[in-house]
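Read off the chains here:
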Amino acid sequence: MFRSLPNTAAFQTWNINGADHSTTTHPLSLLILQKNQNPSLIIRVKSISSSSSPSSSSVSISSSTNHTSSSSSSSSSFVVSYLINSCGLSEDKAISASKELHFETPSRPDSVLILLENKGFTKPYISKLITKRPTFLLADPHKTLKPKLDFFIARGLTGLDLAEVLSKDPVLLNTSLENQIIPTFAFLKSILHTDRNVITVIKRCSWVLKHAPDRNMAPNIGFLRDQGVPESSISMLLMSSPNVLGTNADRFKVIIEEIKGMGFDPSKTAFVQAIQALTSMSKSTWEAKSRVYSRWGLSEDEIRTAFRKQPLCMMASEKKIMAGMDFFVNQMSYSPSYMAEHPLVLMYSLEKRIIPRCRVIRVLVSKGLVKKNLSITTVLKVAEKAFLKKYVIQYEQEVPELLKVYQGRLDDCLELPISSEVVDGMNIL
């Protein structure tokens, strides 16, 4: 009797055909409600009478769904606009973030932003934080956010450092202060002794505050103590590579036993460096890097010798190992075996340290200004300021262009001819 009623129209008129209109009234509204159970539709009968033709009889139906949709759209537009103008998000990020938010007034978000700004957050950090965790705009600034911010600030994590840590890892602001952050901070301080050291660890690896120490870190530290590893080495390991001590406790024990089997002394710094190296790679990665060294003629024993002397040499990428060996063996005339005895030099940057310093030493040796038996390790490991003072500034009268050589502004100096006799008689070239 009735045609189906589409839901999309805000106001539609429906003709009633084939009905008996002999009566002056008709319970049409009730009939339509029975046919269409959508409570959001408001039904009004315009006119029905015996004198009306079927074609002139009509029913007006207006839908409240459009009002709801319009309201929702307006609210979403307001949130997107707020995220762009107040939080600094791009349009795309604001649209994405708005899917997790709903607010019709800016009072709560404004109070959150004011708090963050008062604690040293600049617009870029606020934007980064809100992009990662949009719902923080609806958090209670005084009960949820401020206590955690105040805790970090009281212990020395302030200003842009605080903003950087929390914008990188906003989950910290969802982590329980009393049950997780405070006790974990206290545990770390028991190892590192000062708030400043703990803050250094948090800046390097903030996840340490989100994981209970008794899960892996405390058992691993206890195991190191049982092996005779000094507290100073444990502190150094925690400061430099906190993620290492978060390694699964069972795997950690296996690695320690493997390191001991290689002949490492637990009382030496190299022991914890070996832990750093082996926890950072899988067995297949170790084998791949070993193959790179093997391509230069090093035996398995020589590779292990290099690892014992400087465990971090195995943490360099295959590309870095290959480039370093190529430079020292093919360009500097060192034997692969010599490199196995001095693996530390492979850890330095080829472009930023090795090549610039070798340029300078090459010039000085060719002019007879430095001894031929310079140690390559000594030349490369000395601090930048000390190197410049000892090998550049000291000889600026004799070789005025030496600083330009060091800075790579006189590339032709790289090709200064050096006799094989000179090369054979020195360690650095």
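Everything below is about the structure shown above.
Conventions and cut-offs
- Residues numbered from 1 in each chain as written.
- Predicted model: local features only at pLDDT ≥ 70, side-chain atom pairs only at ≥ 80, totals over all residues.
- Heavy atoms only, no water.
- Helix = DSSP H or I, 4+ residues; strand = E, 2+ residues; numbered from the N terminus.
- Buried < 20%, exposed > 50% of the residue type's maximum accessible area, 1.4 Å probe, protein only.
- Contact = heavy atoms within 4.5 Å.
- Areas by Shrake-Rupley, 256 points an atom, 1.4 Å probe, with all protein chains shown as cover.
- 1 Å grid on protein atoms, 1.4 Å probe; cavity = no way out; pocket = protein on both sides within 12 Å on 5 of 7 lines; lining within 4 Å.
- Points joined across faces, edges and corners; volume = space filled by probe spheres on them.
- Nonpolar A, V, L, I, M, F, W, Y, C, P; charged D, E, K, R; others polar.
- Arc of directions from axis to C-beta.
- Axes fitted to C-alpha atoms, helices over the stretch in contact; angles between N-to-C directions.
- Parallel < 35°, antiparallel > 145°, perpendicular 65-115°, else oblique.
- Core = buried A, V, L, I, M, F, W, Y, C linked by side-chain atoms within 4.5 Å.
- Salt bridge = Lys/Arg side-chain N within 4 Å of Asp/Glu carboxyl O.
- Left-handed = near helix turned anticlockwise from the far one by under 90°.
- Phe/Tyr/Trp six-rings, centres within 6.5 Å; stacked < 30°, edge-to-face > 60°.
- Lys NZ or Arg CZ within 6 Å of the ring centre and 35° of its normal.
- Lys, Arg positive; Asp, Glu negative; His and termini not counted.

**Q** What am I meant to see in the overall build of the chain here?
**A** Counting secondary structure elements, the chain contains 22 helices and three strands. Sorting the 429 residues of the chain into buried and exposed places 42% on the buried side. Relative to all contacts within the chain whose residues are 6 or more apart in sequence, the contacts with residues 24 or more apart total 71%. In the structure as shown, the chain presents an accessible area of about 22400 Å², 50% of it carried by carbon and sulfur atoms.

**Q** How should I be thinking about the layout of surface pockets in this particular structure?
**A** The probe, sized like a water molecule, is rolled over the atoms to show the empty space still left. Roughly 240 Å³ of internal volume is contained in the largest pocket. Forming the walls of the largest pocket are 13 residues, and the residues nearest its centre are Glu-258, Leu-278, Ser-282, Lys-283 and Trp-286. Elements represented by at least two residues in the lining of the largest pocket include exactly helix H12 (249-261) and helix H14 (283-295). For the lining of the largest pocket, the per-class residue count stands at six nonpolar, two polar and five charged.

**Q** Looking at this structure, how should I read helix H3 (residues 91-98)?
**A** One turn of an α-helix holds 3.6 residues; hence residues three or four places apart share an orientation. Buried residues of H3: Ala-94, Ala-97 and Ser-98, and no others. Angularly, the buried residues of H3 cover 100° about the axis, an arc narrow enough to put them on a single face.

**Q** Sorry, what's going on with the environment of Leu-177 here?
**A** Topologically, Leu-177 is positioned in helix H8 (residues 177-192). When the C-alpha atoms of Leu-177 and Phe-151 are compared, they prove to be 8.5 Å apart, with 26 residues separating the residues in sequence. If we ignore the near neighbours within four places in the chain, the residues touching Leu-177 are Pro-147, Lys-148, Phe-151, Ile-182 and Pro-183.

**Q** What's the story with the packing of H8 against helix H11 (residues 231-240) in this structure? I'm lost.
**A** To describe two helices that pack against each other, one gives the angle between their axes and the distance between the axes. Put simply, H8 and H11 touch, their axes get as near as 9 Å, and they point 130° apart. If you check the angle between H8 and H11, you find them oblique. Each of Leu-188, Ile-191 and Leu-192 in H8 lies in contact with H11, whose residues at this interface are Ile-234, Ser-235, Leu-238 and Met-239. Taken together, the residues of the contact of H8 with H11 break down into six nonpolar, one polar and no charged.

**Q** What am I meant to see in the nonpolar core here?
**A** The tendency in soluble globular proteins is for nonpolar side chains to be buried as a group. Counting residues in each nonpolar core, the largest one holds 97 residues, and the members touching the most others are Leu-83, Leu-224, Ile-275 and Phe-328. Looking at this core element by element, the count peaks at seven residues for helix H13 (residues 269-279). Residues within four places of Ile-275 in sequence aside, it is in contact with Leu-224, Leu-237, Val-244, Phe-252, Ile-256 and Ile-259. Counting residues in hydrophobic clusters, the runner-up holds 16 residues, among them Ile-361, Val-363, Phe-387 and Tyr-395.

**Q** Explanation requested: the pattern of salt bridges in the structure shown.
**A** Where side chains of opposite charge bring their charged atoms close, a pairing between them can arise. This model, assessed by the stated rule, comprises eleven salt bridges. When the shortest N-O distance is used, the salt bridge between Asp-150 and Lys-119 registers 2.7 Å. You can see Asp-150 sitting in helix H6 (residues 141-154) and its partner Lys-119 sitting in the loop between helix H4 (107-118) and helix H5 (123-132), a full 31 residues away along the chain. A relative accessible area of 18% places Lys-119 in the buried class. Two residues, Lys-189 and Asp-195, come together in a salt bridge whose shortest N-O distance is 3.1 Å. Its relative accessible area of 34% is what places Lys-189 among the partly exposed residues.

**Q** Quick question: what am I supposed to make of H5 here?
**A** For H5, the set of buried residues is Ile-126, Ser-127, Leu-129 and Ile-130. Along the axis of H5, the buried residues cluster in a sector spanning 165°; they form a single face.

**Q** Which parts of the structure should I look at to understand the packing of H4 against H6?
**A** Close contact between H4 and H6 brings their axes to 11 Å; oriented N to C, the two are set at 10°. Looking at the two axes, H4 sits roughly parallel to H6. As for the relative orientation of H4 and H6, their crossing is right-handed in sense. Every residue of H6 that contacts H4 at Arg-108, Ser-111, Val-112, Leu-115 and Leu-116 is listed here: Pro-141, Leu-145, Lys-146 and Leu-149.

**Q** How should the packing of aromatic side chains be read in this particular structure?
**A** For any pair of aromatic rings, geometry is given as the distance between the ring centres together with the angle between the planes. All told, the structure shown has eleven aromatic pairs when counted by the stated rule. For the pair Phe-78 and Phe-103, a centre-to-centre distance of 5.9 Å together with 80° between the ring planes defines the contact as edge-to-face. Here the residue Phe-78 occupies a position in helix H2 (residues 65-85), and Phe-103 occupies one in the loop between H3 and H4, the gap between them amounting to 25 residues. Residue Phe-78 is classed as partly exposed on the basis of its relative accessible area of 30%. On the basis of an interplanar angle of 40° and a centroid distance of 5.1 Å, the ring pair of Phe-387 and Tyr-391 is categorised as tilted. Of this pair, Phe-387 and Tyr-391 are both found in helix H20 (residues 384-392), four residues apart, which corresponds to roughly one turn of the helix. The same class applies to Phe-387 as to Tyr-391, namely buried. Clustering of aromatic rings is evident, with ring pairs tying together Phe-327, Phe-328, Tyr-334 and Tyr-338. Lying over the aromatic face of Phe-185, Arg-155 brings its terminal NZ or CZ to 5.9 Å of the ring centre. Across from the ring centre of Phe-387, 4.6 Å away, lies the NZ or CZ of Arg-357, which sits over that ring.

**Q** Would you explain the side chain of Lys-289 in this entry?
**A** With respect to the helices and strands, the residue Lys-289 is situated in helix H14. Buried within the structure, Lys-289 lacks any salt-bridge partner; Glu-318 is the closest side chain of opposite charge, at an N-O distance of 6.9 Å. In this structure Lys-289 touches Met-281, Met-314, Met-315, Ala-316, Ser-317, Glu-318 and Ile-321, once residues within four positions along its chain are discounted.

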